[in-house]
Amino acid sequence: MILKVLELLCFVNVSGCENQQCLPCFTHTVVETVKRVYDHIKSHFKEEITVSELAVKFNISETNLCGCFKSLFGQPVGAYIRAERINYAAELLSGRTEMSVGDIASLVGYDNQSKFAAAFKAIKGYSPLAYRKRMRNADSEQKQDFSE
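Analysis parameters
Residues numbered from 1 in each chain as written. Predicted model: local features only at pLDDT ≥ 70, side-chain atom pairs only at ≥ 80, totals over all residues. Heavy atoms only, no water. Helix = DSSP H or I, 4+ residues; strand = E, 2+ residues; numbered from the N terminus. Expected span 1.5 Å × (residues − 1). Buried < 20%, exposed > 50% of the residue type's maximum accessible area, 1.4 Å probe, protein only. Arc of directions from axis to C-beta. Phe/Tyr/Trp six-rings, centres within 6.5 Å; stacked < 30°, edge-to-face > 60°. Contact = heavy atoms within 4.5 Å. Salt bridge = Lys/Arg side-chain N within 4 Å of Asp/Glu carboxyl O. pLDDT = per-residue confidence, 0-100.

The next point concerns unusual backbone geometry. Unusually for a residue other than glycine, asparagine 59 sits at a positive phi of about 55 degrees. Along the chain, the position of asparagine 59 falls in the loop between α3 (51-57) and α4 (62-73).

If you want it as structure tokens, here you go:
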């Protein structure tokens, strides 16, 4: 009977492995380094940052940086930097400032306004000007609702 139970356990163990994904394992040092990279990006996303520069600065291989970053934060390093820039630009466009789209693009690290507009639309679903207009209309509607 013990033999049959062990055989059954082995069978369940083997059949359960087919549906499992192999998740990469990273050392504690790599994970802590990638967390420091994340903090660095959070505070320096407006600057020109490349994965290669981050790898050199934090003394980690690009492969480990990219793989571990995606495992921890759910997206590639470059996509995360781009999203941080666009989210900050969206804040600025939503009414906090009267800066031009070109000035905002420059502020968040885009030298080319058309590349900024394309990246913005890809993430937010609207061009920067359409987003600004939409946010201002939403603001004015909220103010009307509040005053009534």
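The next subject is α4. What sets the pattern is the α-helix's 3.6 residues per turn: residues three or four places apart point alike. Over its twelve residues, α4 runs 16 Å from end to end, which matches the ideal 16 Å to within 8%, given 1.5 Å per residue. Listed as buried for α4 are Leu65, Cys68 and Phe69. Taken end-on, α4 shows its buried residues confined to a sector of 105 degrees, consistent with a single buried face. Following α4 by one or two positions, glycine 74 adopts a phi angle in the positive range, close to 80 degrees.

Attention now goes to the packing of aromatic side chains. What the rule picks out here adds up to nine aromatic pairs. Centroid distance tyrosine 38 to tyrosine 80: 5.2 Å. Interplanar angle 35 degrees. Geometry classified as tilted. Of the two residues, tyrosine 38 is situated in helix α2 (residues 28-44) and tyrosine 80 in helix α5 (residues 77-96); the sequence distance between them amounts to 42 residues. Using a relative accessible area of 6% as the deciding quantity, one classes tyrosine 80 as buried. For the pair phenylalanine 116 and phenylalanine 120, a centre-to-centre distance of 5.8 Å together with 50 degrees between the ring planes defines the contact as tilted. Of this pair, phenylalanine 116 and phenylalanine 120 are both found in helix α7 (residues 113-124), four residues apart, which corresponds to roughly one turn of the helix. Each of the two residues, phenylalanine 116 as well as phenylalanine 120, counts as buried. Here the aromatic residues Tyr38, Phe69, Phe73 and Tyr80 are joined through ring pairs into a cluster of three or more.

With that out of the way, let us pick up the side chain of histidine 40. By secondary structure assignment, the location of histidine 40 is in helix α2. Beyond its immediate chain neighbours, meaning those up to four positions away, histidine 40 contacts Leu54, Lys57 and Phe58.

Right, let's talk about the pattern of salt bridges for a bit. Considering all chains together, one arrives at three salt bridges under this definition. Note that glutamate 84 is salt-bridged to lysine 42, the shortest N-O span being 3.7 Å. Taken together, the residues glutamate 84 in helix α5 and lysine 42 in helix α2 connect sequence positions 42 residues apart. Given a relative accessible area of 16%, glutamate 84 falls into the buried group. When the shortest N-O distance is used, the salt bridge between glutamate 98 and arginine 136 registers 3.1 Å. Of this pair, glutamate 98 sits in the loop between α5 and α6 (101-107) while arginine 136 sits in helix α8 (residues 128-147), placing them 38 residues apart in sequence. Judged by relative accessible area, arginine 136 falls into the partly exposed class, the value being 31%.

Of all residues in the protein, 83% have pLDDT values of 70 or greater, and the mean over the chain is 85. The lowest-confidence element of the protein is helix α1 (residues 2-16), averaging 70 in pLDDT; the highest-confidence one is α3, averaging 95.

This brings us to the environment of glycine 78. By secondary structure assignment, the location of glycine 78 is in helix α5. When the C-alpha atoms of glycine 78 and isoleucine 49 are compared, they prove to be 8.8 Å apart, with 29 residues separating the residues in sequence.

This part takes up α7. With twelve residues, α7 extends 16 Å between its outermost C-alpha atoms, agreeing within 8% with the 16 Å of an ideal straight helix rising 1.5 Å per residue. Along α7, the residues classified as buried are Phe116, Ala119 and Phe120. Looking straight down α7, one finds that the buried residues subtend no more than 100 degrees of arc, so they occupy a single side. Among the exposed residues of α7, those oriented more than 90 degrees off its buried face are Ser114, Lys115 and Ala122. Downstream of α7 by one or two residues, glycine 125 has phi in the positive range, about 85 degrees.

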